[in-house]
Amino acid sequence: MDVAGFRELFPPLNEDKSPVYLDNACMTLRPINVINAIQDYYASNPSCAGRSVHRWGMAISQTVTRTRRKLAAHIGASNAREVIFTPNATHSINQVAAGMTWKSGDVVITSDREHNSNLVPWLQQSASGVKLQTVKSQPDNQFDLEAFEDACANAGKSLRMVSLVHVGNLDGVEIPIAEATKIAHDHGAIVHVDGAQSAPHIPIDVETLGCDLFSFSLHKMLGPTGVGALWGREEILSQLEPICAGGGTVEAATAEHYTLRSIPDRLEGGLGHYAGICGTEAALDLLSQYDMRDLAAQEVRINRIMSEGIRHLPGIEIIGPQDAALRGGICSILLENLDVQNVGILMDEVGDVFVRSGLHCVNQWFDARGIEQGSLRASAYAYNTEEEARTFVDTFNEIIDGLTE
Ligand SMILES: Cc1ncc(COP(=O)(O)O)c(C=O)c1O
């Protein structure tokens, strides 16, 4: 892909002294068309969708409908009504976990390397008698399909839900969702996929994955903060109790009763984030001009340079498989004898390199290994250049040399 041309679209990367931005697993930067779309909404069309019938209201209603269709297309969903706007992936997952009707003894299965957003909402359901089971990954953090199949079989008829991260934010490792889904369905479970780190980076086709529900966030895929999405099969979404009911969700209401609208409205309570939806459309328009496989390949190219440039250092361990191609754009580094936060600050001070340090909300993985401080995570997006990857390597080497000499 034309990385230089792509990069030009991002104002924060075209300043006199732009940093080397490698915190993309947290959030990506926004291209100029997204920034303009948000501004245009407030400047030219600041109105409310689905309610007001004046020109501004009708225009934003059409934008919402179009954007829903584009979101569906981005993940290979054929029915746009099955896409719900949410504030973020966390809200999407909470809507599923708290919106289901549980029976005491129901089992939910996840993996041992889930983001807290795909852990805590299920743990909260323990109050309803739900039992959460986590499947241990293999030593190199790849998914253990056999252990997963055993867990499904052991849960027997109690298995209600399987909820797995598609691509881990800890290490970039992908779970073979299509295989896992098949196993889970054979055992009668509904399958939810946390796609927060996959939808931004690799082609997604929910029909090929076979899953029933898919959550993701726009701020990790060139879009604004405060916009996420939940896709799900109509028969499942229609059974969920809204966790945020009220304006926009009801067909009728009296002082005593209400009847909910059909999807998507029933799960989109209150006025929406319309500026964010305008920005979302712009982000999807830009992404649709690229082949997601090219974006992924560029990120692996960057990760290879980063991984190969640091792995020889003493006291350094990269989390996950050796091969960078199995970790997408993520290089997550355990530091044996050094303070991770300190190294994160020095990366900025010494080389203008922005990385993330800490637990990355995957507390359970670090807790199981007795690692309190977490890791240093560099995460690439397709606008990162090979030169930036080399700056990361040089800066990291310089800091480690300086701190360990
Ligand atoms: C794998 C994964 N799941 C869920 C989330 C939560 O996303 P959000 O903050 O958009 O709710 C994140 C955010 O980093 C993530 O990486």
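Residues numbered from 1 in each chain as written. Predicted model: local features only at pLDDT ≥ 70, side-chain atom pairs only at ≥ 80, totals over all residues.

Run through the domain arrangement of the protein, naming residues and quoting values.
What the domain assignment reports for the protein is domain 1 (3–30 + 291–404) and domain 2 (34–287). The straight-line distance from the C-alpha centre of domain 1 to that of domain 2 is 27 Å. With 26 residues of domain 1 at the contact, the number on the domain 2 side is 28 residues. Contributions of two or more residues to the side of domain 1 that touches domain 2 are made by helix 11 (292–310), strand 12 (330–335) and helix 13 (363–368). It is helix 11 that contributes the most residues to the side of domain 1 that touches domain 2, five residues altogether. (Domains from an automatic or database assignment. Contact = placed C-beta atoms within 7 Å. Helix = DSSP H or I, 4+ residues; strand = E, 2+ residues; numbered from the N terminus.)

I'd love a proper account of the nonpolar core, names of residues and values included.
Membership of the largest hydrophobic core comes to 71 residues, with the highest contact counts inside it found for I109 and W231. Of all the elements, helix 10 (residues 274–287) adds the most residues to this core, at eight residues. Setting aside anything within four residues of it in sequence, one finds W231 in contact with I75, A77, E82, V83, V206, L213 and F214. (Core = buried A, V, L, I, M, F, W, Y, C linked by C-beta atoms within 7 Å. Buried ≥ 20, exposed ≤ 12 C-beta atoms within 10 Å, placed from the backbone.)

Help me get a handle on the site of the ligand, residues and values and all.
In the vicinity of the ligand, 13 residues are found, and the nearest of them are N88, T90, N169, A196 and S217. A per-class count over the shell around the ligand returns three nonpolar, nine polar and one charged. (Near = placed C-beta within 6 Å. Nonpolar A, V, L, I, M, F, W, Y, C, P; charged D, E, K, R; others polar.)

For the environment of I333, give the residues involved together with the corresponding values.
Within the element layout of this structure, I333 appears in strand 12. Sequence spacing of I333 and T404 is 71 residues, and the spatial spacing of their C-alpha atoms is 16 Å. Beyond its immediate stretch of four places on either side in the chain, I333 contacts I310, I316, I318, S375 and L376.

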